[in-house]
Amino acid sequence: MKKRQSVHVTRPYLPPKEEFLKRIEQIYDARYLTNQGPLLDELEGGLRDFLGVRHLQMVSNGTTALQLAIHMLDLRGKEVITTPYTYVASVSSLLWEGARPVFADIEPDGFNIDPAEIEKAITPDTAAILGVHVYGLPCRVEAIEEIARAHKLKVIYDAAHAFGTRYQGRALLDQGDVSICSFHATKVFHSGEGGCVVCRDAELDRRIELARRFGHHGDKYFFPGINAKSTELHAAMGLAVLPHFPEVVELRRKVCERYDAGLAALAGAESGSGAGILRLHASEASAALSARTPGDWQYNYSYYPVVFPDRAMRDRALARLAEIRVFPRRYFEPSLNQLPYLANSAPCPRSENMSGRVVCLPLCHDLEPEIIDEICATISAACRE
Ligand SMILES: *Cc1c(COP(=O)(O)O)cnc(C)c1O
């Protein structure tokens, strides 16, 4: 029997080759590669329309988007309350920009920062909140907005997972003072590498636009900037992917539903009850969210997290999956308050506990049904060992 290829947490979506090549031909015709060319203008316009936002700047990646947001909100030297349960870039960007991350633990029944814990962490030095819509599931944006208003804090959202998620009639990216997204190849929408900064305020948008290209317009020099520009080559990929985004989400939804069905026997019941194995997976998290936010709420199916009752069972499932050459990711471990280069961070028991039990299963638009079934069967068997 031919050995099938190993399966990783995701595979990038590749648009039809002729559509991408048509865009590359445009680049050859215009002979223009970077410095805000016609393709980048077109992509930025397309993204503003798709998301329904007025101000959006595309940049070289999600991490520079975060750095620009932190820098332009002037957070150097100040405390920024953030979540320990996220990809390291959310927190390393704060450190890189000289801000001081202060961790607030996650909600007891979810993956995102807990507004009650934010309130406890506020000090006279707090200047901002950096929330992350983990797995594309919305933070408690209303509660966070209220806290920010009461304490005069800025709000940044790392919405790297949230492209395409809609919440209360708006793109989830249209929240906070600034939201950023990543268009990395592994994200639901991508341009190979890339990212964007979305903000509400026209003046801040203008300053971010300047900052991403050295802080000058021709001969007028405003302030020191950096080079965070995207290019025509990345715009070509983004433009070829964008029209297919709705069908990609729909195909990912089908993959998630097949996982839901395959894991249904394990899911739902509380751990320790004998039968109950997985306490929560994406569909339950989004069901819980739908219950708390009736109305317009649409998920982008960006990740398929499963949470095991304990670390031992999670690691056993990972070992059995590795035997069939399936390699999910422990998104997110470690809990970032335990980063080796961060001394004296307060413990975050919920996040630390979640980090030891979670796995994101392979998810892409064309994941084969047989592989999904094999993964579900392997996890089920591992849980019963
Ligand atoms: C991917 C990711 C980033 C970084 O985005 P890049 O485009 O890879 O720089 C930041 N935060 C989160 C939560 C991410 O998942």
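Each chain has its residues counted from 1, running along the sequence as written. Per-residue local features of the predicted model are confined to residues with pLDDT of at least 70, and side-chain atom pairs are confined, for both listing and counting, to 80 or more; whole-chain, interface and lining totals are unaffected and use all residues. Processing note: side-chain calculations cover all non-hydrogen atoms of the structure and skip hydrogens and water entirely.

### What to know about the overall build of the protein chain
Point 1. Along the backbone of the protein chain there are 13 helices and 17 strands.
Point 2. Taking 21 Å as the expected radius of gyration for a compact globule of 385 residues, we find that the protein chain reaches 21 Å, a close match to that expectation.
Point 3. Along the first, second and third principal axes, the C-alpha atoms of the protein chain reach 70 × 55 × 40 Å.
Point 4. By residue count, 54% of the 385 residues in the protein chain fall in the buried class.
Point 5. Any pair of residues with heavy atoms lying within 4.5 Å of one another is described as a contacting pair. Put simply, of all contacts in the protein chain between residues at least 6 apart along the chain, 70% involve residues at least 24 apart.
Point 6. About 17,000 Å² of surface is accessible on the protein chain, with carbon and sulfur atoms providing 53% of the total.
Point 7. Positive charges come from Lys and Arg, negative ones from Asp and Glu, while His and the chain ends are left out of the count. Just so you know, the charge point we use is NZ for Lys, CZ for Arg, CG for Asp and CD for Glu. Counting 44 positive and 49 negative side-chain charges, the protein chain places the averaged centre of each group 2 Å from the other. To qualify as a helix, a DSSP run of H or I must reach at least 4 residues; to qualify as a strand, a run of E must reach at least 2; elements of each kind are numbered from the N terminus. With C-alpha atoms as the basis for the radius of gyration, the globule rule is written as 2.2 Å multiplied by the number of residues raised to the power 0.38. Each residue gets one of three labels from its accessible area relative to the maximum for its type: buried under 20%, exposed over 50%, partly exposed in between, using a 1.4 Å probe on protein chains only. Shrake-Rupley sampling with a 1.4 Å probe provides the accessible areas, and residues are treated as covered by the protein chains on show and by no other component.

### Examining helix H9 (residues 245-263)
Point 1. Multiplying one less than the number of residues by 1.5 Å gives the expected span of a helix. With 19 residues, H9 extends 27 Å from end C-alpha to end C-alpha; this agrees with the ideal 27 Å at 1.5 Å per step.
Point 2. Listed as buried for H9 are Phe245, Val248, Val249, Arg252, Val255, Cys256, Tyr259, Asp260 and Leu263. Angular distribution of buried residues about the axis of H9 spans 145 degrees; they occupy a single face of the element. Exposed positions of H9 whose direction lies more than 90 degrees from the buried face are Lys254 and Ala261. Directions pointing from the helix axis toward each C-beta atom define the arc.

### With respect to the site of the ligand
Point 1. Consider each residue's heavy atoms; a residue with any of them within 4 Å of a molecule or strand counts as near. Taken together, 14 residues surround the ligand, and among them Thr63, Asp158, His161, Ser182 and Lys187 come closest.
Point 2. In the environment of the ligand, an oxygen atom lies 2.8 Å from a nitrogen or oxygen atom belonging to the backbone of Gly62.
Point 3. Coverage of the ligand by the protein amounts to 91% of the 390 Å² it exposes when considered alone.
Point 4. Mapped onto the shell around the ligand, the elements with two or more residues apiece are helix H3 (62-72) and helix H4 (88-96). Each polar contact in these results corresponds to two N or O atoms within 3.5 Å; when the atoms are within protein, one needs to be able to donate a hydrogen and the other to accept it, and residues that are neighboring in sequence are counted only if both atoms are side-chain atoms.

### Topic: the confidence of the model for the protein chain
Point 1. pLDDT expresses, on a scale from 0 to 100, how confident the predictor is about each individual residue. Averaged over every residue, the pLDDT of the protein chain is 92; residues scoring 70 or more account for 92%.
Point 2. Residue range residues 269-277 is modelled with pLDDT below 50. Its contacts to residues more than four positions away, or to other chains, number 14 contacts.

### Structural notes on the pairing of strand E2 (residues 56-59)
Point 1. Neither face of E2 is open: one carries Leu56 and Met58, the other Gln57 and Val59, and all of them are buried.
Point 2. Strands are labelled as partners when DSSP assigns at least two bridges between them. Note that E2 and strand E10 (residues 195-199) share four bridges and pair antiparallel. The residue of E10 that forms the bridge with Met58 is Cys196.

### Topic: the sheet that holds E10
Strand pairing in a sheet is mediated by backbone hydrogen bonds. Such pairs are either parallel or antiparallel.
Point 1. Here we have seven strands laid out as an open sheet, ordered E2-E10-E9-E6-E5-E3-E4, and mixed in their pairing. The two strands at the open ends of the sheet, each matched to only one other strand, are E2 and strand E4 (100-103). With strand direction ignored, the average angle separating the axes of adjacent strands in the sheet is 25 degrees.
Point 2. Two strands pair when backbone bridges link them, and strand E6 (residues 154-158) and strand E9 (residues 178-182) are joined in this way by three bridges, in the parallel orientation. From the neighbouring strand, Tyr157 faces E9, where its bridge partner is Ser179.
Point 3. Geometry is summarised by axes, namely lines fitted to C-alpha atoms with helices restricted to the contacting stretch, and by angles between N-to-C directions that run from 0 to 180 degrees. In the packing of helix H6 (residues 141-151) onto the sheet, contacts are made with strand E5 (126-132) and E6, and the angle to E6 comes to roughly 150 degrees.

### Describing the nonpolar core
Point 1. Definition used in this section: a nonpolar core is a set of buried Ala, Val, Leu, Ile, Met, Phe, Trp, Tyr and Cys residues joined via side-chain atoms within 4.5 Å. Within the largest apolar cluster, 64 residues are counted, with the highest numbers of intra-cluster contacts made by Leu47, Tyr85, Tyr135, Phe163 and Phe189.
Point 2. Among all residues touching Phe163, those that are not within four sequence positions of it are Leu47, Phe50, Leu51, Leu173, Cys181, Phe183, Val188, Phe189, Leu242, Phe245 and Asn300.

### With respect to the state of the cysteines
Point 1. Cysteine sulfur atoms that come within 2.5 Å of each other are treated as a disulfide pair. Evaluated as defined, the whole model comprises zero disulfides.
Point 2. No disulfide involves Cys383; its nearest neighbouring cysteine sulfur is the one of Cys376, lying 11 Å away.

### Considering the sheet that holds strand E7 (residues 166-167)
Point 1. Ordered in space as E8-E7-E14, the three strands form an open sheet in which the pairing is antiparallel. Both edges of this open sheet fall to strand E8 (170-171) and strand E14 (297-298), since each of them pairs with a single strand only.
Point 2. Two elements, E7 and E14, share two bridges in a ladder whose sense is antiparallel. From the neighbouring strand, Arg166 faces E14, where its bridge partner is Gln298.

### Concerning unusual backbone geometry
Point 1. Cis peptide bonds are those with omega within 30 degrees of zero, and the linkage from Tyr331 to Phe332 qualifies with 5 degrees.
Point 2. With respect to the helices and strands, the residue Phe332 is situated in the loop between strand E16 (326-327) and helix H12 (349-355).
Point 3. Cis geometry marks the peptide bond from Glu333 to Pro334; its omega dihedral reads 5 degrees.
Point 4. With a phi angle near 50 degrees, Gln36 is a residue other than glycine that sits in the positive phi range.
Point 5. Looking at the element boundaries, Gln36 is found in the loop between helix H1 (17-30) and helix H2 (38-51).
Point 6. At Asn344, a residue that is not glycine, the phi angle is positive and equals roughly 60 degrees.
Point 7. The residue Asn344 is located in the loop between E16 and H12 in this model.
Point 8. Taking the relative accessible area as the measure of exposure, Asn344 reaches 80% and is therefore exposed.

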